[in-house]
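Results of the structural survey
Now for the letters of each chain:
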Amino acid sequence: MSASTTGPLARPQRPWTPWRTVTAFGLVSLAGDMVYEGMRSTAGPFLGTLGASALAVGLITGAGEAMALLLRLFSGPLADRSGRYWSLTVLGYAMTAVCVPLLAVAPFMGSLGLALAATLILLERAGKAIRSPSKSALLARVAVSVGRGRGFAVHKALDQVGAFAGPLLVAGVIALAGVQWPAFAVLAIPGAACMVLLFTLKRHTEDTGGSAADAIPDGGARQTSPAGAVVEPRTLPGHFYAFATSCALGTLGLMTFGVISYHLVDAGLVRTAVVPLLYAAAMATEAVAALGTGFAYDRWGPAILFTLPAVIIAVPTLALSDTLTLVVAGVLLWGAVTGVQDSTVKALVADLVPQRRLATAYGVFAAFQGVAALAGGTLAGGLYTEHRDLLITLVALTQVLSAGLLVLAFRGRQPHPRRHHGGRSRWSTRT
């Protein structure tokens, strides 16, 4: 008997359907994204008010993105070994819900304000690293029943509602208060809502006779010995590493929004209160791009990802220009690429690796992106002031290499339909 039925007054919790579970994951991410995307939308200008230079902003935000990705190299395998997918997910969200509102204290810490703000930003990103492989593995195993492209797309679309609403909330508070710190304090409200939603979801997914990881079929990714014993692959396939390297080069070319937002204010293109509005527009573009490519992935396969390198080349050219219209176009393209990287790309990762190694694969994949995020933030911050043309040229060269690695990743892996619940067919790889 499950724990939820042992008490005299307890009622058994009916497990939710796959679509309802996917939607619930999306609502958790919606609330969580209001918190950390609201913070990220104004992190660059906020650090600037505390005395940070363009290089310092690039280093801090780049290091934060690197931490959010590199630490998954450890949290992913830990989740697979321990099976504590839910514990790690809860811990990661709790770190975000606590660290972001505490940024409101930084302006009152005098000379220690910048150090405190940088530390809290890095801790929030660590929380992202702790939860993401576990959450993605849980979501991937549920979404297999509805089509992973669709599942990740719908989740990302809901996620982006929060990523849109958070910056709008921050912009409104800054406009009313005239300073930034009250906006961080207000973000404690969606942080609390996120935790309540997460515990509700957890209750409705653990009463299925086993953990979510064990209850969902692994799609035939495991191998069996002649005696019938299950043999779990210890290594990830080579085409996965080619794909991870290609996506890492894309992340390097995208830079961080901290650098872009710093440029918007430094160049006098917009006032600080307007920056979160532009970030919100980028988040809306993320949602549209995620939905479009997610459904296209289930129908036509991964070839749609060949559009990424070409779009990434245009991002620094537009986003770092001195014309507001061009910068806005660059911000929207930045948002579109980020949406694809955080949805459709994750669906493909789940199709490239053995299913019992999902959290490990997401951790390794994120580590590749983490190195690229740190390099991209540092590169953009260092070249921003006097060598923008060199920055644009380097980004273009990396994207040519990225496209070549995509060809290598997909070579010899013929698409074939695989039937799922509901009669849907989608692209899948043979592992």
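1. A few points about the overall build of the protein
For the protein, the count of helices and strands is 18 helices and four strands. Every one of the 431 residues in the protein was classed for burial, and the buried ones make up 57%. Excluding contacts between residues fewer than 6 apart, the proportion of contacts in the protein whose partners are at least 24 apart in sequence is 83%. As displayed, the protein has an accessible area near 17,000 Å², and 67% of this comes from carbon and sulfur atoms.

2. A look at the packing of aromatic side chains
Within the structure shown, the criterion is met by ten aromatic pairs. Ring geometry for phenylalanine 243 against phenylalanine 410: centres 6.2 Å apart, planes inclined by 35°, an arrangement best described as tilted. With phenylalanine 243 in helix H11 (residues 238-254) and phenylalanine 410 in helix H18 (residues 388-410), the pair connects residues that are 167 residues apart, well separated along the chain. Judged by relative accessible area, which is 0%, phenylalanine 243 ranks as buried. Judged by its relative accessible area of 14%, phenylalanine 410 falls in the buried class.

3. Looking at the nonpolar core
Formed by 108 residues in total, the largest nonpolar core has its most connected members in Leu103, Phe184, Phe240, Phe243, Trp334 and Phe365. Per-element accounting of this core gives the leading share, twelve residues, to helix H6 (residues 113-143). Those residues within four positions of leucine 103 in sequence are excluded, and the remaining contacts are Met39, Phe46, Ala117, Leu120, Ile121 and Phe184.

4. Comments concerning the side chain of threonine 251
Considering the arrangement of structural elements, one finds threonine 251 in helix H11. Filtering out sequence-adjacent residues up to four positions away, threonine 251 remains in contact with Gln341, Gln369, Ala372 and Ala373.

5. Notes on the pattern of salt bridges
Per the counting criterion, the structure on display carries four salt bridges. Here lysine 156 ties to aspartate 159 by a salt bridge, and the two come within 3.7 Å at their closest N and O atoms. Taken together, the residues lysine 156 and aspartate 159, both in helix H7 (residues 148-177) and three residues apart, mark about one turn of the helix. Judged by its relative accessible area of 2%, aspartate 159 is buried. In this structure, the salt-bridge partner of glutamate 286 is lysine 156, at a minimum N-O distance of 3.2 Å. Taken together, the residues span a long stretch of sequence, with glutamate 286 in helix H13 (residues 275-300) and lysine 156 in helix H7 at a distance of 130 residues. There is no split in this pair, since glutamate 286 and lysine 156 are both buried. What you see here is one network of salt bridges that share partners, running through Lys156, Asp159 and Glu286.

6. Brief notes about the side chain of aspartate 33
Of note, aspartate 33 is situated in helix H1 (residues 18-40). No salt bridge is formed by the buried aspartate 33; its nearest oppositely charged neighbour, lysine 156, is found at 5.2 Å. Among the polar contacts made by the side chain of aspartate 33, one reaches the side chain of tyrosine 36 at a distance of 3.0 Å. When residues no more than four places from it in sequence are discounted, the contact partners of aspartate 33 are Gly38, Asp159, Gln160, Gly162 and Ala163.

The rules behind each value
Residues numbered from 1 in each chain as written. Predicted model: local features only at pLDDT ≥ 70, side-chain atom pairs only at ≥ 80, totals over all residues. Heavy atoms only, no water. Helix = DSSP H or I, 4+ residues; strand = E, 2+ residues; numbered from the N terminus. Buried < 20%, exposed > 50% of the residue type's maximum accessible area, 1.4 Å probe, protein only. Contact = heavy atoms within 4.5 Å. Areas by Shrake-Rupley, 256 points an atom, 1.4 Å probe, with all protein chains shown as cover. Phe/Tyr/Trp six-rings, centres within 6.5 Å; stacked < 30°, edge-to-face > 60°. Core = buried A, V, L, I, M, F, W, Y, C linked by side-chain atoms within 4.5 Å. Salt bridge = Lys/Arg side-chain N within 4 Å of Asp/Glu carboxyl O. Lys, Arg positive; Asp, Glu negative; His and termini not counted. Polar contact = N/O pair within 3.5 Å; in protein donor to acceptor, adjacent residues only side chain to side chain.

Interpretation in functional terms is not warranted from these geometric data alone.
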